[in-house]
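In case you want the letters, here they are:
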Amino acid sequence: MFETYGWSETLQNAFLPHAASGLVPGRVIVQQRGLYRLITPFGELNAGLAGRFAFTARETEHPVAGDWVAAAARPGEGAATIHHLLPRATCFRRKAAGTGETAQVIAANVDLALLVASLNADFNPRRLERYVAVTRESGATPVIVLTKADACDDPAGPIAAAEAVALGAEVVAMSSLTGQGLDTVRQLILPGRTAVLLGSSGVGKSTLLNALAGKVLMATQAIREDDARGRHTTTHRELVLLPGGGLVLDTPGMRELGLWDTGAGLSATFADIEELASRCRFRDCSHGGEPGCAIDAALQDGSLAEDRWLSYGKLQRELAYLDRREDPAMQSEERRNWVRRNKDYRSRKREKDRGWGDE
Ligand SMILES: Nc1nc2c(ncn2[C@@H]2O[C@H](COP(=O)(O)OP(=O)(O)OP(=O)(O)O)[C@@H](O)[C@H]2O)c(=O)[nH]1
Ligand SMILES: [Mg+2]
Ligand SMILES: [Zn+2]
């Protein structure tokens, strides 16, 4: 039973020193504030952090759903105490809500990120694009899941819009109601592999999990009628073992993942723009009206969508902002340049006043 939760040889090796001190391995399947539920060789145990661990570990090293830990088990009491975090294979991080000063770890050891958006409302390709970037950075594989196909008269438009920002990520249109596309999603979640559901409240993440599980494990709730937004029904993160052997982590809806140092992810998501930029006549082209600028040319002939270019600039600015906060010494010249170029572009476009916010 325990092995089916994704235990591997790498983890076994990392765990060896802890085995010597009498601890057992466990995976965090539920995380609700400071309380954890672990799956261990003794079955499920409720757990808290050992005082010393809570005191010395950095915030980002506190266990989250999906993490593997070394714990002292008290099976008689159905309880355990977490002493160590095992190394993470992948890690989803975002800026903490509000301040943007500290990273918040959302989920760990995730192989596949199901980036969920609803086809009938609140469809925002720009947000999907950022989710794809964050996912690539985390080390997990992004898949765009478009839900509520049954409630959409003309899914072709949104599907094409999603494909345009997916850059290689698979796009699945599905319905948990009719079962359309459900098998496609199911087949992506291989035995022993972990998928996380990410997306706004009300898009149908928990409904999809229930459909995959074949029974109601998570509560779901109708979205509000006045503004078609979700109600934040799911309030904790929970990892569920599917009948087919795959694992799915349900999460509370979030409006924005935010960004946390997506250097590599960003390049993958905007490979086309970076390829274009490499064709500008001048190596240090600011894409601000220089002769032979490939970006300008592409914007003019329409082969590069203006939205996409602006979206790229927005991500670059977020990154530059994070760079400054994270480590002033590591500010990269390249990123500062992009900020400047984008400002140039914006001032030239100001009269059009498209509005920057995307929400
Ligand atoms: N028509 C239709 N409705 C769906 C589908 N999937 C989910 N819904 C409905 O959408 C509403 C919200 O679904 P939830 O699964 O609770 O959404 P969620 O993403 O988990 O929301 P949070 O937990 O708040 O993040 C519910 O009323 C579901 O019945 C679908 O495929 N088709
Ligand atoms: Mg939910
Ligand atoms: Zn240029």
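Named according to an unreviewed UniProt entry, the protein is Small ribosomal subunit biogenesis GTPase RsgA originating from Mesorhizobium retamae. In its Sequence similarities (unreviewed entry) section, the UniProt record describing the protein reads: "Belongs to the TRAFAC class YlqF/YawG GTPase family. RsgA subfamily." On record in UniProt, under Subunit (unreviewed entry), the comment for the protein is "Monomer. Associates with 30S ribosomal subunit, binds 16S rRNA."

Engineer: Quick question: what am I supposed to make of helix H4 (residues 156-166) here?
Structural biologist: Note that an α-helix has 3.6 residues per turn; residues three or four places apart therefore point the same way. Buried within H4 are the following residues: Pro158, Ala162, Val165 and Ala166. Considered in projection along H4, the buried side chains sweep an arc of 110° and stay on one side of the axis.

Engineer: Honestly, the site of ligand 1 in this entry has me stumped. Any pointers?
Structural biologist: In the neighbourhood of ligand 1, 21 residues make up the surrounding shell, with Asp150, Ser201, Lys205, Thr207 and Thr234 lying closest. Within the backbone of glycine 202, an N or O atom sits 2.9 Å from an oxygen atom of ligand 1. In the complex, the protein chains occlude 88% of the 660 Å² of accessible area that ligand 1 would expose alone. Grouping the amino acids of the shell around ligand 1 by side-chain chemistry returns four nonpolar, 14 polar and three charged.

Engineer: Sorry if this is basic, but what is going on with the side chain of aspartate 67 here?
Structural biologist: Within the fold, aspartate 67 resides in the loop between helix H2 (51-56) and strand S4 (68-74). Its relative accessible area of 0% is what places aspartate 67 among the buried residues. Within the structure, the side chain of aspartate 67 is placed 2.7 Å from the side chain of arginine 88, a separation counted as a polar contact. In contact with aspartate 67, not counting residues within four places along its chain, are Gly26, Arg27, Val28, His62, Leu85, Arg88, Ala108 and Asn109.

Engineer: I would appreciate a short explanation of the pairing of S4 in the present structure.
Structural biologist: Here is the key point about a regular strand: its side chains alternate between the two faces of the sheet. Inspection of the sheet shows strand S1 (residues 24-32) paired to S4 by four bridges, in the antiparallel sense. Within S4, the residue paired with glycine 26 across the bridge is valine 69. Strand direction decides the pairing type here: S4 and strand S5 (residues 79-85), joined by six bridges, are antiparallel. Along S5, the bridge assignment pairs alanine 72 with threonine 81.

Engineer: What am I meant to see in the pattern of salt bridges here?
Structural biologist: When charged atoms on two side chains of opposite charge get close, those side chains can pair. Scanning the model with the defined rule gives six salt bridges in all. Arginine 88 is the salt-bridge partner of aspartate 67, the closest N and O atoms lying 2.7 Å from each other. Of this pair, aspartate 67 sits in the loop between H2 and S4 while arginine 88 is found in the loop between S5 and strand S6 (91-95), placing the two residues 21 residues apart along the sequence. Overall, arginine 88 belongs to the partly exposed group, its relative accessible area being 23%. Ionic pairing is found between arginine 186 and aspartate 183, a salt bridge with its closest N-O pair at 2.7 Å. Here arginine 186 and its partner aspartate 183 are both found in helix H5 (residues 182-188), three residues apart, which amounts to about one turn of the helix. On the basis of relative accessibility, which here comes to 34%, the residue arginine 186 falls in the partly exposed class. Its relative accessible area of 45% is what places aspartate 183 among the partly exposed residues.

Engineer: In this structure, what is going on with the UniProt feature "binding site: Zn(2+)" (unreviewed entry) in the protein? I would like to understand it.
Structural biologist: Look at the UniProt record and you will see "binding site: Zn(2+)" (unreviewed entry) annotated at Cys280, Cys285, His287 and Cys293. Structurally, cysteine 280 can be placed in the loop between helix H8 (271-277) and helix H9 (294-301). By relative accessible area, which is 8% here, cysteine 280 ends up buried. Dropping the residues within four chain positions of it, cysteine 280 is found in contact with Cys285, His287, Gly292, Cys293, Ala294 and Ile295. Within the element layout of this structure, cysteine 293 appears in the loop between H8 and H9. The exposure class of cysteine 293 is buried, given its relative accessible area of 5%.

Engineer: I keep staring at the packing of helix H3 (residues 125-138) against H4 and nothing clicks. Help me out?
Structural biologist: Two elements in contact, H3 and H4, have axes whose closest approach is 9 Å; the angle formed by their N-to-C orientations is 35°. H3 and H4 meet at a crossing whose hand is right-handed. Here Pro125, Arg126, Leu128, Glu129, Val132 and Arg136 of H3 come into contact with H4, specifically with Ala161, Ala162, Val165 and Ala166. For the contact of H3 with H4, the class distribution of residues is seven nonpolar, no polar and three charged.

Engineer: Please clarify how the packing of aromatic side chains should be interpreted in this entry.
Structural biologist: Think of a pair of aromatic rings as described by two things: how far the centres are apart, and how the planes are tilted against each other in angle. Taken as a whole and judged by the stated rule, the model has two aromatic pairs. Ring centres 6.1 Å apart and planes at 75° place the aromatic pair tryptophan 7 and phenylalanine 15 in the edge-to-face group. We note that tryptophan 7, like phenylalanine 15, is buried. Taking the centre distance of 5.0 Å and the plane angle of 55° together, the rings of tryptophan 7 and tryptophan 68 count as tilted. With a gap of 61 residues between them, tryptophan 7 in the segment before helix H1 (9-20) and tryptophan 68 in strand S4 connect regions that are remote in the sequence. Residue classification places tryptophan 68 among the buried positions, given a relative accessible area of 2%. Taken together, the aromatic side chains of Trp7, Phe15 and Trp68 make up a single cluster linked through ring pairs.

Calculation criteria
- Residues numbered from 1 in each chain as written.
- Chains lettered and ligands numbered in written order.
- Predicted model: local features only at pLDDT ≥ 70, side-chain atom pairs only at ≥ 80, totals over all residues.
- Heavy atoms only, no water.
- UniProt positions renumbered as here; feature names shortened; annotations may be inferred.
- Buried < 20%, exposed > 50% of the residue type's maximum accessible area, 1.4 Å probe, protein only.
- Helix = DSSP H or I, 4+ residues; strand = E, 2+ residues; numbered from the N terminus.
- Arc of directions from axis to C-beta.
- Near = heavy atom within 4 Å.
- Polar contact = N/O pair within 3.5 Å; in protein donor to acceptor, adjacent residues only side chain to side chain.
- Areas by Shrake-Rupley, 256 points an atom, 1.4 Å probe, with all protein chains shown as cover.
- Nonpolar A, V, L, I, M, F, W, Y, C, P; charged D, E, K, R; others polar.
- Contact = heavy atoms within 4.5 Å.
- Pairing = 2+ DSSP bridges.
- Salt bridge = Lys/Arg side-chain N within 4 Å of Asp/Glu carboxyl O.
- Axes fitted to C-alpha atoms, helices over the stretch in contact; angles between N-to-C directions.
- Left-handed = near helix turned anticlockwise from the far one by under 90°.
- Phe/Tyr/Trp six-rings, centres within 6.5 Å; stacked < 30°, edge-to-face > 60°.

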